[in-house]
Amino acid sequence: MGFFDGLRGGRAADFDSGSAATNAIELTRRHQQVSLTKQGAATGHLRINLAWRMRTSDFDQNQRTSLFRHPFKALRPPEVLGHGQSMVNVDLDLGCLYELMDGTKGVVQPLGGYLGDVNAPPYIKLSGDDRFGSASGETMYINLDHREAIKRLLVFVYIYDQTPAFDRTHAIVTLYPSNGPRIEIGLDERHPQARSCAVVMIENVKDELLVRREVKFVYGFQGELDRLYGWGLTWGRGYKTKVER
């Protein structure tokens with residue numbers, strides 16, 4: 001089956017934003033899985049958000065050291081640091097490999113403009129492409145009212161501009177179900193040469209929707225994630241159109 005098989009043009013739709021609950025479930029190595037079905041959140045629109053910012057740990061360390069010598073610096077507002085040689089512009093993209101119960105497989109991602117459709121197969125819609133790490137990040141919607149058609153979904157993040165810099169960014173993927181607490185997966189592991197990361201698997205197991213943390217970094221792009229999880233798609237090189245800030 002080809003790379004673009006099963007992808008259809010998106011239609012405009014109104015999306016539920018999910019629960020406004022202030023509590024959160026953090027998926028970690030010790031706590032890797034949660035059931036959307038058991039928390040009554042296997043219906044409606046599941047909103048998935050990717051947000052990131054550049055790491056400032058190196059600068060924070062220097063600031064902490066200087067505070068011992070100059071304690072009154074704590075009263076000053078923090079300096080705004082621009083992008084220098086040690087800082088890079090990173091374009092993180094949110095994507096989703098999908099497999100439906102009828103055997104249809106494909107991908108939803110900004111690259112190529114394959115943004116999906118929330119009201120028709122694959123029942124996944126990417127709202128757009130955030131190239132500069134804005135506060136809103138990138139958002140994807142999954143229509144769980146059609147959960148019986150979904151077999152498995154692999155949500156992933158990749159760096160488009162071929163600058164491996166996961167170690168320079170602090171990224172977090174957050175799932176907002178229609179009911180109950182949000183689910184957070186942090187990408188805090190240091191993998192300086194990685195270009196892609198499988199973040200979370202959403203799988204329909206005996207009519208139960210399970211969300212499982214993956215956080216597996218790879219040094220290639222979507223094709224390597226495909227091979228790792230056995231999707232079996234055919235991949236080709238793609239490009240984005242240039243945009244201005």
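Refer to the preceding data block for the structure.
Residues numbered from 1 in each chain as written. Predicted model: local features only at pLDDT ≥ 70, side-chain atom pairs only at ≥ 80, totals over all residues. Heavy atoms only, no water.

**Describing the packing of aromatic side chains**
Describing an aromatic ring pair means giving the distance of the ring centres and the angle of the ring planes. Inspection of every chain in the model, using the stated rule, returns one aromatic pair. Measuring from ring centre to ring centre gives 5.9 Å for Phe 156 and Tyr 158, while their planes differ by 35°; the resulting arrangement is tilted. Taking the ring centre of Tyr 176 as reference, the NZ or CZ of Arg 47 above it sits at 4.0 Å. When the ring centre of Trp 231 is taken as reference, the NZ or CZ atom of Arg 152 above it lies at 3.7 Å. (Phe/Tyr/Trp six-rings, centres within 6.5 Å; stacked < 30°, edge-to-face > 60°. Lys NZ or Arg CZ within 6 Å of the ring centre and 35° of its normal.)

**Points about the sheet that holds strand E8 (residues 138–143)**
In spatial order, the strands read E1-E11-E10-E3-E8-E7-E6; together these seven strands make up an open sheet with mixed pairing. Both edges of this open sheet fall to strand E1 (24–26) and strand E6 (116–117), since each of them pairs with a single strand only. The pairing of E1 with strand E11 (residues 182–187) spans three bridges and is classified as parallel. Bridging from a neighbouring strand, Ala 24 pairs with Arg 182 of E11. (Pairing = 2+ DSSP bridges. Helix = DSSP H or I, 4+ residues; strand = E, 2+ residues; numbered from the N terminus.)

**Section: the nonpolar core**
Core analysis: the biggest nonpolar cluster contains 42 residues, and Ile 48, Ile 142, Val 157 and Leu 175 have the highest contact counts within it. If you look at the next biggest cluster of nonpolar residues, it comprises 13 residues, including Leu 97, Val 218, Leu 225 and Leu 233. (Core = buried A, V, L, I, M, F, W, Y, C linked by side-chain atoms within 4.5 Å. Buried < 20%, exposed > 50% of the residue type's maximum accessible area, 1.4 Å probe, protein only.)

**Some remarks on unusual backbone geometry**
The peptide bond linking Pro 121 to Pro 122 adopts the cis configuration, its omega dihedral lying at 15°. Its location among the elements puts Pro 122 in the loop between E6 and strand E7 (124–126). Despite not being glycine, Tyr 123 shows a phi value in the positive range, around 65°. Within the fold, Tyr 123 resides in the loop between E6 and E7. Even without glycine at this site, Asp 207 takes up a positive phi of about 65°. When you line up the elements, Asp 207 lands in the loop between strand E12 (196–205) and strand E13 (208–218).

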